[in-house]
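Structural description and commentary
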Amino acid sequence: MDPYGTAGVRERVLAAWTALPARFREDANTEEDFALGGYRDRVVIELAQNAADAAVRTGRPGRLWLRLSDGVLTAANTGAPLDAAGVLALSTLRASDKAGSGDTDRDDAGRDDAGSGGAGRETVGRFGVGFAAVVAVTDEPAIASRAGGVTWSAARTRELVAEIPELAGELERRADHVPALRLPFAGAPEVVPPEGYDTVVRLPLRDAAAADLVRGQLEQVGPALMLALPALGRIDIDVDSAVRSLTATREPGTTTINDVAWRTVEAHGDLAPELLADRPTEERFRPYWRLRWAVTDAPQPDVPPVVHAPTPSAEPLGLPALLIASFPLAPDRRHVAEGPLTDFLVDQAAEAYVTLLRALPTTPALLDMVPGPVAAGALDARLRRAILARLPDTPLLPGGDSGPRRGRDAVAVDGPAGLIELLAEAGAGPRHGVGMSAVLPGLLPTGWPVRHPALTALGVRRMELADVVDELADLDRSPDWWRRLYDALAGADQDALGALPVPLADGRLVRGPRGLLIADDDLDPAVLGVLELRFVHPDAAHPLLVRLGAAAAGPSAVLDDPAVRAAVAESYEAEDPDAVAAAVLSLVTAAGGEPGERPWLAELALPAEDGGRYAAGELLFPDAPLRAAVAADGPFGVVDAKLIERYGARPLEAVGVLRTFALVKEHDVPLADLDLQLDDQEAWADDVVAGLPALDLPPIVPELTAVRDLELVERWDVALDLLAEPPLRAALVEPTRVLLADGRSARVPSYTAWWLRRHPVLAGRRPDGLRSPDADPVLTGLYDLAPATAEPELLRALGVRTSLAEVLTEPDDLLARLADPSRTVSRAQLRALWTALAGVAEVTPPDRVRALVDGAVEVVPAEDALVLNSPALLPLLAGQPLVIASYERAADLADLLDLPLASEEVGGEVESAGVVRPVPDVVREVLPAAPASYHRHADLVVAGRSVPWWCEGDVVHVGGTGGADQVSALARGLAWAGGRWADRLLIGAVLRAPGAVADVLAEADLEPDG
């Protein structure tokens, strides 16, 4: 019995092969391409596809049973049973009986007659090319319905082909490989549809590899297959007795698979002929399209992220939804073919995806459905671009009572949740008293992630916190609303809140909390109103404002407000200066400020006892000690006694009213540009700079403290007593530190000490012309004694002379005093002073000098004086004024004073004849470098005069006939020639008592060093 006409099919195929062996080769190659290429891993999918097509033809949900056991894959399904047309379709490659979405090959004999609008639109595969996938795993497939079965066999086909001589060569060339599905054989007695099923396919698997391949495919069967094949209502999978099931319940817009709901959107329609112009003829017979998007909230790891066309393709899909669409496939059955049809379907898929998004709940989860910028493949990229182009004009975002809002009409604020709720709140403002809309229309509610990249794709305007703050600048809201706003912003980034609007107590709204005041309960606004202070409205006060620069307005904070400082500076011109004074003094009283702590308060205009008005810093207390020191007609007034009665002395002292001298305190003062209102301040700065290393940038005083008004003093005995008391004392006795441009620092006399040194403040004398009681004795006679009543520390600070080193810092003054005949200077003082002066770098050469004239100290014209540089010259310089220092400093002293050396003015040669005598050997005990001999003269004559000794280089000449004088002369000559002038007496002692040299040397050892 052959109900499907298999014999006729075999005869026609064998006849075709015999007539044209190339057809045999073509069929074998084609089947091999399908089995090893596009359909190799699609056996289970193709079986499911055929089952779905069978169900479509009956109009009832289909069931599919898949079983893998003992090396056999069995697939049973409900629906239209196998018929002759089906057998023919299965046995004729590239001539399937279906077309449209899915397989595109068809057989004229098995064409679906559902029509362009009927069930055929859901037909995705029925006994067509896809069935060729079975030969990837079996050589003996069989299929049966209730009416009977059909078997295909590679072995039986091979036997029939081998009997045809015309095909022998082809069979040999193909190594006996034949197309297994071209010759059907009637009957499959061991293949019977199970109870409840209409058709069964039995596939004995070729080997273990085939079994593993099928097992992997069965494990991958999941929700995607049910969504791609809506004709199937249930799939049961039995793998080695482990059974699992997939069930689908479908309602409009929803498909539930195993209790997991999938939201779906479908679209379909007819295709214009031009869209099919480049497609195969079989496809053009079914000119309609269909697509379906499906999405679920539940994780679905077994759904492959690929485009389904309608079953899985190799086109990756990165979108978070499943796309099933009738895309045209390339011959490999894995990739979507390029062309106008694909372009059309991409646009339709994009429209449907947007429809899907609109159907989803309007929650933040919707943002994850918006395509991102990174595509998984070329087709995915095209889909993303098409979808993204539509989204900004699609109402997807929450819009309140008016329904969803378009992205381009929405605003996302990057800020705390409380802020967003507040900005969305409508209200009424105190300035206008009318109803207000939300601060930011279109604001996304809380819970929506403002930094989600999808918001940009939707066209949402994202506002940073600083932008929101700018939007609030002209907002009319109650102070209480502003406080709620500050509370919402308490944890926000403070850098973005610098321009935050703040309502003031006077009704104004200002930008930025910095500099505003938050009043405490101790302040009297009625008294302080004259100062035009900017107080935050009490109902808006919040700790955030303090963190952003507002000041908690205790008395000290209010006192330091720039408005108070401005009011003080302008108090003379104020409409009511007494009210300004009262406000400031009340603040000072409450703040408890110290004198000089806020020097600018000294500008406050206060009434004086003479009825005038003075700056506080120009007023004295009635009992101020400073009144006794300064001139009665000076610039100071006396403060009105009523102020003292009302406020007490301490607040008045804090604003600058004086008992004693006022201190000027400044920081980082440039010496090149002083502006401290101190007498002679520029001269002090010039003196300081002159004593410092020269650098490109001027020095700076990091902290300068100075006593002002010194030039107004008349009684210095009183003034010095005041200056000796803290804090004035430090300004006098402590040096000022100066910072140099190269980073070094130096200490210089303070301004106060510098000024006092240059004025007659000690008993009518300048301090720098006096010496202290404990001064270096070498200064005696040159400087008068300072009053003994002053403290030594104060005397030093005032510049009273204490040491020669200090005096040498002003060498011109010392030279002037040495040239003053009224000053008394001893010979010992004079030598010490000239020797010390020889080490000074530079002086102005004096007109008169103090010198020795025949041993007496006299003041003589400088042009008459010589600097003695050799003791041998003394007999030739009788009556000559001599400036004498230690001989090694003589040349330096002569250069310094611009005086000639004695050797340059008085010279001569030895004019007498002498006898060469040996120098006694004992002399070398004390003078190792002594010459071997000397010249002895009966009368040593130099320059026409008798002299006791003379040296010409290292040749020593000695005059006389013997005796002590000659010994002394020889000792001097040898000491000078040997460079040991200080040892002349020691050498003389050795010459007089050669035998006592040991004792002489021992005595010399007792001499102190130096």
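Here goes a summary of the coordinates provided. (Residues numbered from 1 in each chain as written. Predicted model: local features only at pLDDT ≥ 70, side-chain atom pairs only at ≥ 80, totals over all residues. Heavy atoms only, no water.)

**Notes on the sheet that holds strand β38 (residues 881-883)**
Strands sit in the order β36-β35-β38-β37 across an open sheet of four strands; the sheet is mixed. Since the sheet does not close on itself, it has two edges, and those belong to β36 (856-861) and β37 (866-867), each with one partner. Relative to β38, strand β35 (residues 848-853) runs antiparallel, the two being bridged by two bridges. Bridge pairing links Val853 to Pro881 in β38. (Pairing = 2+ DSSP bridges. Helix = DSSP H or I, 4+ residues; strand = E, 2+ residues; numbered from the N terminus.)

**Here we look at the pattern of salt bridges**
A full pass over the atoms with the stated rule returns 46 salt bridges. Residue Arg758 is joined to Asp687 by a salt bridge in which the shortest nitrogen-to-oxygen separation is 3.7 Å. Within this pair, whereas Arg758 is found in the loop between α27 (751-757) and β33 (770-771), its partner Asp687 is found in helix α24 (residues 681-690), the two being separated by 71 residues in sequence. Judged by its relative accessible area of 32%, Arg758 is partly exposed. With relative accessibility at 39%, the residue Asp687 sits in the partly exposed group. (Salt bridge = Lys/Arg side-chain N within 4 Å of Asp/Glu carboxyl O. Buried < 20%, exposed > 50% of the residue type's maximum accessible area, 1.4 Å probe, protein only.)

**A closer look at the nonpolar core**
A general trend in soluble globular proteins is that nonpolar side chains are found buried together. Counting residues in hydrophobic clusters, the biggest one holds 89 residues, and the most contacted among them are Leu531, Val558, Val564, Val584, Leu606, Phe661 and Trp716. Here the element with the most residues in this core is helix α20 (residues 577-591); it accounts for eight residues. Residues within four places of Leu606 in sequence aside, it is in contact with Ala581, Leu585, Gly612, Arg613, Tyr614, Ala616, Leu619, Leu643, Leu652, Val655 and Val657. In this structure, Val137, Ile143, Ala211 and Leu227 belong to the second largest nonpolar core, which totals 58 residues. (Core = buried A, V, L, I, M, F, W, Y, C linked by side-chain atoms within 4.5 Å. Contact = heavy atoms within 4.5 Å.)

**What to know about the packing of aromatic side chains**
Going through the model one piece at a time under the given rule, you end up with twelve aromatic pairs. Taking 5.7 Å as the distance between ring centres and 55° as the angle between the ring planes, the aromatic pair formed by Phe131 and Trp152 counts as tilted. Within this pair, whereas Phe131 is found in the loop between α4 (84-91) and β3 (142-145), its partner Trp152 is found in strand β4 (residues 148-152), the two being separated by 21 residues in sequence. The same class applies to Phe131 and to Trp152, which are both buried. Ring geometry for Trp976 and Trp981: centres 5.6 Å apart, planes at 85°, overall edge-to-face. (Phe/Tyr/Trp six-rings, centres within 6.5 Å; stacked < 30°, edge-to-face > 60°.)

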